[in-house]
Amino acid sequence: MNVVSEATLRKTVTIPACENHEGIYSVDVEIDWICPVCGQPRGEVKKGLSYDGSLRLVVDTWQNPCGHIDKYADVRREAQKKQ
Ligand SMILES: [Zn+2]
């Protein structure tokens, strides 16, 4: 039986836990790896840095091939909705 399909592809990514992460507050979230705007697959995950204005935090970043930008605030909301 095929239990894994492209339609249900999910990924776990590390993102800032809040807007002012102070360089330490990150959270792992599992989300559908699909752009919520157009339904195309999200881009390749790379390690990057998030600035909260004064401190840096290592997080996962990605650029969607479709050009839509995933804001971390939206990704947090999406992850909460699914749990
Ligand atoms: Zn898109």
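As a reminder, the structure under discussion sits directly above these lines.
The text that follows walks through the structure, step by step, so that each part is easy to find. All residue numbers here refer to positions counted from 1 along the written sequence of the relevant chain. Totals for whole chains, interfaces and linings use every residue, but because this is a predicted model, local features are given only for residues with pLDDT of at least 70 and side-chain atom pairs only at 80 or more, for both listing and counting. To obtain the side-chain values, all non-hydrogen atoms of the structure were used and water was disregarded.

Some details on the overall build of the protein chain
What the protein chain contains, in helices and strands, is one helix and four strands. By definition, any uninterrupted DSSP run of H or I lasting at least four residues is a helix, any uninterrupted run of E lasting at least two residues is a strand, and each is numbered from the N terminus. The N-to-C order of helical and strand elements in the protein chain reads β-β-β-β-α. Looking at the protein chain as a whole, 29% of its 83 residues are labelled buried. The contact criterion used is simple: two residues touch if any of their non-hydrogen atoms lie within 4.5 Å. Across the protein chain, the fraction of contacts at a sequence separation of at least 24, relative to all contacts at a separation of at least 6, is 44%. Carbon and sulfur atoms make up 51% of the accessible area of the protein chain, which totals about 5900 Å². The rule is simple: take the accessible area with a 1.4 Å probe, protein chains only, and divide by the maximum for that residue type; under 20% is buried, over 50% is exposed, in between is partly exposed. Note that accessible areas follow from Shrake-Rupley with a 1.4 Å probe, and for residues the cover is restricted to the protein chains shown.

Details of the packing of aromatic side chains
Two rings belonging to Phe, Tyr or Trp (six-membered ring only in the last case) form a pair when the distance between their centres is within 6.5 Å. Interplanar angles under 30 degrees mark stacking, angles over 60 mark edge-to-face geometry, and anything in between is tilted. Taken as a whole and assessed by the stated rule, the structure comprises two aromatic pairs. Judged by centre distance (6.3 Å) and plane angle (80°), the rings of Trp62 and Tyr72 are edge-to-face. Note that Trp62 is positioned in strand β4 (residues 56-62) and Tyr72 in helix α1 (residues 72-82), a separation of 10 residues in sequence. Cluster of aromatic residues (ring-pair linked, three or more members): Trp33, Trp62 and Tyr72. Consider the ring centre and the ring normal. A charge sits over the ring if Lys NZ or Arg CZ is within 6 Å of that centre and within 35 degrees of that normal. If you follow Arg42 out to its NZ or CZ, it ends over the ring of Trp33, 5.8 Å from the centre.

Structural notes on the coordination of the zinc ion
Ligating atoms shown are N, O and S within 2.8 Å of the metal, or 3.2 Å for Na, K and Ca, and water is not included, meaning a site may look less than complete. Listed as protein donors to the zinc ion are Cys35 (SG), Cys38 (SG), Cys66 (SG) and His68 (ND1); their distances from the metal cover 1.9 to 2.3 Å. Coordination of the zinc ion draws on donor residues from a single chain, spaced C-x2-C-x27-C-x1-H in sequence.

Let's talk about the nonpolar core
A general feature of soluble globular proteins is that nonpolar side chains tend to end up buried together. Core analysis: the biggest nonpolar cluster contains eight residues, these being Val13, Ile15, Val29, Ile31, Trp33, Trp62, Val75 and Ala79. At the level of elements, β1 (10-16), β2 (26-32) and α1 are the ones that each hand at least two residues to this core. Contact partners of Val75, with chain neighbours within four places excluded, come to Ile15, Val29, Ile31, Trp62 and Asp70. Residues enter a nonpolar core if they are buried and are Ala, Val, Leu, Ile, Met, Phe, Trp, Tyr or Cys, with the set joined through side-chain atoms within 4.5 Å.

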